[in-house]
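Remarks on the overall topology
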Amino acid sequence: MTKTRRPRPAAPRSAGRATAAALALTGLLAVSACSGGSEPAPQAGGPAVTAEPAALSPSSTAGSSPTGTVVPLTPDVVSRLDTAIKQVMTQVGIPGVIVDYTTPDGTYQRSFGVADKNAGTPMSPDLYMRIGSVTKTFTATGILQLVDQGKVGLDDPISRYVPGVPGGDGITLRELGDMRSGLYSYTFDPDFQKAFFTDPNRPFTPQELLAYSFKHPANFAPDAQFEYSNTNLILLGLVVEKVSGQPLAEYLQQNVFAPAGLTQSNLPVDAAFPAPHAHGYTNQTLSGAVEDSTDWNPSWAWAAGALISTRSDLQKWSKVLATGVPLVKPATQAERLKTKPVGPSPDLGYGFGVFETHGWIGHNGSLPGYESVVIYLPQAQASLVILLNTDILHDGSEPSTPLARAITQIVSPNNVYTLPTPPGSASASASGSGSASRSPSGSGSPSASTTSASPSGPSPTANGSATLHVS
């Protein structure tokens, strides 16, 4: 649910592909060179992979893994993880991936495949990556901090802070963060898609993005249902700016990144991309051909999906997001974690800019060329970060989803990362990263869609296809 996918162009697509319409930040590239793995980088306290860490709970044994516990990172488990990740990469067509799985007793840190297909540069653990809808978790945190300061209330109407929102007197900040506002996601708008895909390097302002949304009627009354919409986070980003008196990028740097110890994260104001970074590959293009989207301007995603970060920063962030410490007071964090079911599936719940699936708390992200999954299992104090350099769908699903599922099936068999499978997809075992389904044109968030972590309910697109994607 944590993805910010860019709208897929109206050009014809194969039946299995959905057009990106809701800030889908997902990009997947089919390549054959994805099976190579780089050795984990050494850590200050020893090797990245601990041979046989102790079980995290006295009740956790080799034969049983109670809910909320994880299995020890034995050599056999490490080998199984290596094999499973390589198999998914080959099956789904992922050029490169970074994985960081950390518990109090051990860390599995690996990178596989290539960061640059043309140069053959191997993926490495510390590259900068675009993270799509995981950005939403940072914007939502900014709002919660303002709640703690008594400057805003989650049940305040958006009209109090941003004028001109259709029905804004009846839409609360909580409903925006919970993806229950009913506002049309601008990434589904045909004019936005045309503007973006015609020139992926052009900048967009938040006001321009909202104009694409507001020319459409609301999809439903506030709080009537769940529907992933990137419009919601653009509005919350504007609230942070208005109330704090700072640009969102500056606010996040001073009040979120720095106090959380994140030294390699930033919300870009243009296409600038710190080095070293991986190249991203997408088929969200006018022709449908795979292109290098590394330097596309992410301003179209802004507060919903433009953030850049690294494995190490996101590993820290996973715990901050799930616990609130040290940024958000316990009572306010409890409001964040009040999740409601996403669609009919019992596997996914969405709260205030965060989702929960089988005990794992976090978000996924996707935008042209890149995907991410950042989740935390509180009972085991375990975090999982997955970063990949493609967003090309496989059987209608985000490529990050089968990766996260395969990994958690091994390390936390009673707490498996599960996102609803997009309607009509060939595979029911894997679903769009962070989304139960994708919205046409994709979106950045844990499966931005009405049925997944990135819910933005199905919306009509130029080619008549719709997906639910919340990344």
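Keep in mind it's a predicted model, so treat the numbers as computed, not measured.

1. Description of the confidence of the model for the protein chain
Here the protein chain averages 81 in pLDDT, while 75% of its residues score no lower than 70. Every residue in residues 6-66 scores below 50 in pLDDT, and together they form 281 contacts with partners more than four places removed in sequence or on other chains. The model gives residues 424-471 a pLDDT under 50, and that stretch makes 385 contacts with residues more than four places away or in other chains.

2. Considerations on the nonpolar core
Membership of the largest hydrophobic core comes to 115 residues, with the highest contact counts inside it found for I85, V97, Y101, Y108, F138, I158 and I386. Considering every element that reaches this core, the biggest residue donor is helix α1 (residues 75-92), with eight residues. Among residues more than four places away in sequence, those in contact with V97 are I85, M89, R110, S111, F112, M123, I386, L387, L388 and L403.

3. As for the pairing of strand β4 (residues 106-116)
With 11 of 11 residues buried, β4 is to be regarded as a mostly interior element. Note that strand β3 (residues 96-103) and β4 share eight bridges and pair antiparallel. Of the residues in β4, the one forming a bridge with T103 is G106. Taking the residues between adjacent antiparallel strands as the criterion, β3 and β4 are bridged by two residues. When β4 meets strand β5 (residues 121-122), the two strands line up antiparallel, connected through two bridges. Opposite V114, over in β5, you have P122 as the bridge partner.

4. A look at the packing of helix α2 (residues 135-148) against helix α6 (residues 230-244)
The angle between the axes and the distance between the axes are what describe a pair of packed helices. At a minimum axis separation of 9 Å, α2 and α6 run at an interaxial angle of 40°. Here α6 runs oblique to α2, going by the angle between their axes. Considering the relative orientation of α2 and α6, their crossing is left-handed. Listed contacts from α6 to K136, T139, G142, I143 and L146 of α2 are N230, L233, L236, G237, V239, V240 and V243. When grouped by side-chain class, the residues that make up the contact of α2 with α6 number seven nonpolar, four polar and one charged.

5. A closer look at helix α11 (residues 400-411)
In this model α11 runs 17 Å from its N-terminal to its C-terminal C-alpha over 12 residues, within 8% of the 16 Å that 1.5 Å per residue would give. Where burial is concerned, most of α11 is hidden: 10 out of the 12 residues are buried. Among the residues making up α11, those that are buried are S400, T401, P402, L403, A404, A406, I407, T408, I410 and V411. In the core, the buried residues of α11 are packed alongside α1, β3, β13 (360-367), β14 (370-377) and β15 (382-388).

6. Description of the packing of aromatic side chains
Counted under the stated rule, the structure contains 16 aromatic pairs. Note on Y186 and F192: the rings are 5.4 Å apart at their centroids and 90° apart in plane angle, and the pair reads as edge-to-face. There is no split in this pair, since Y186 and F192 are both buried. Their ring planes at 65° and their centres at 6.1 Å tell us that F355 and Y417 sit as a pair that is edge-to-face. Taken together, the positions of F355 in strand β12 (residues 355-357) and Y417 in the loop between α11 and β16 (440-441) put the pair 62 residues apart, joining distant regions of the chain. Judged by relative accessible area, Y417 falls into the buried class, the value being 0%. Among the aromatic residues, ring-to-ring pairing joins Y186, F192, F196, F197, F204, Y212, W296 and W300 into one connected group. Here the guanidinium or amino end of R130 rests over the ring plane of F273, the centre of that ring lying 4.2 Å away.

7. Concerning the pattern of salt bridges
Enumeration according to the criterion identifies 12 salt bridges in this entry. With a closest N to O distance of 2.9 Å, R174 and D155 form a salt bridge. Highlighted residues: R174 in helix α3 (residues 173-177) and D155 in the loop between α2 and α3, separated in sequence by 19 residues. Here D155 falls in the exposed class, since its relative accessible area comes to 52%.

8. Some remarks on the environment of T74
With respect to the helices and strands, T74 occurs in the loop between β2 (37-38) and α1. Note on T74: relative accessible area 23%, which makes it partly exposed. C-alpha separation for the pair T74 and G106, spaced 32 residues apart in sequence, amounts to 9.6 Å.

9. Considering the side chain of S412
One can find S412 in the loop between α11 and β16. Here S412 falls in the buried class, since its relative accessible area comes to 0%. Looking at S412, its side chain comes within polar contact range of the side chain of W360, at 3.4 Å.

10. A short note on helix α9 (residues 311-323)
The terminal C-alpha atoms of α9, which comprises 13 residues, lie 19 Å apart, in line with the 18 Å expected from a rise of 1.5 Å per residue. Listed in full, the buried residues belonging to α9 are R311, D313, L314, W317, S318, V320, L321 and A322. Just downstream of α9 lies G324, where phi reads positive at about 85°.

11. Observations regarding unusual backbone geometry
In this structure, the amide linkage connecting A275 to the following residue, P276, adopts the cis form with an omega of 0°. Mapped onto the elements, P276 comes out in the loop between α7 (248-257) and β7 (281-282). One non-glycine residue, D223, lies in the positive phi region at around 70°. Its location among the elements puts D223 in the loop between α5 (206-214) and α6. Assessed through its relative accessible area of 34%, D223 is described here as partly exposed. A positive phi angle, close to 30°, is found at W302, a residue other than glycine.

What counts and what doesn't
- Residues numbered from 1 in each chain as written.
- Predicted model: local features only at pLDDT ≥ 70, side-chain atom pairs only at ≥ 80, totals over all residues.
- Heavy atoms only, no water.
- pLDDT = per-residue confidence, 0-100.
- Contact = heavy atoms within 4.5 Å.
- Core = buried A, V, L, I, M, F, W, Y, C linked by side-chain atoms within 4.5 Å.
- Buried < 20%, exposed > 50% of the residue type's maximum accessible area, 1.4 Å probe, protein only.
- Helix = DSSP H or I, 4+ residues; strand = E, 2+ residues; numbered from the N terminus.
- Pairing = 2+ DSSP bridges.
- Axes fitted to C-alpha atoms, helices over the stretch in contact; angles between N-to-C directions.
- Parallel < 35°, antiparallel > 145°, perpendicular 65-115°, else oblique.
- Left-handed = near helix turned anticlockwise from the far one by under 90°.
- Nonpolar A, V, L, I, M, F, W, Y, C, P; charged D, E, K, R; others polar.
- Expected span 1.5 Å × (residues − 1).
- Phe/Tyr/Trp six-rings, centres within 6.5 Å; stacked < 30°, edge-to-face > 60°.
- Lys NZ or Arg CZ within 6 Å of the ring centre and 35° of its normal.
- Salt bridge = Lys/Arg side-chain N within 4 Å of Asp/Glu carboxyl O.
- Polar contact = N/O pair within 3.5 Å; in protein donor to acceptor, adjacent residues only side chain to side chain.

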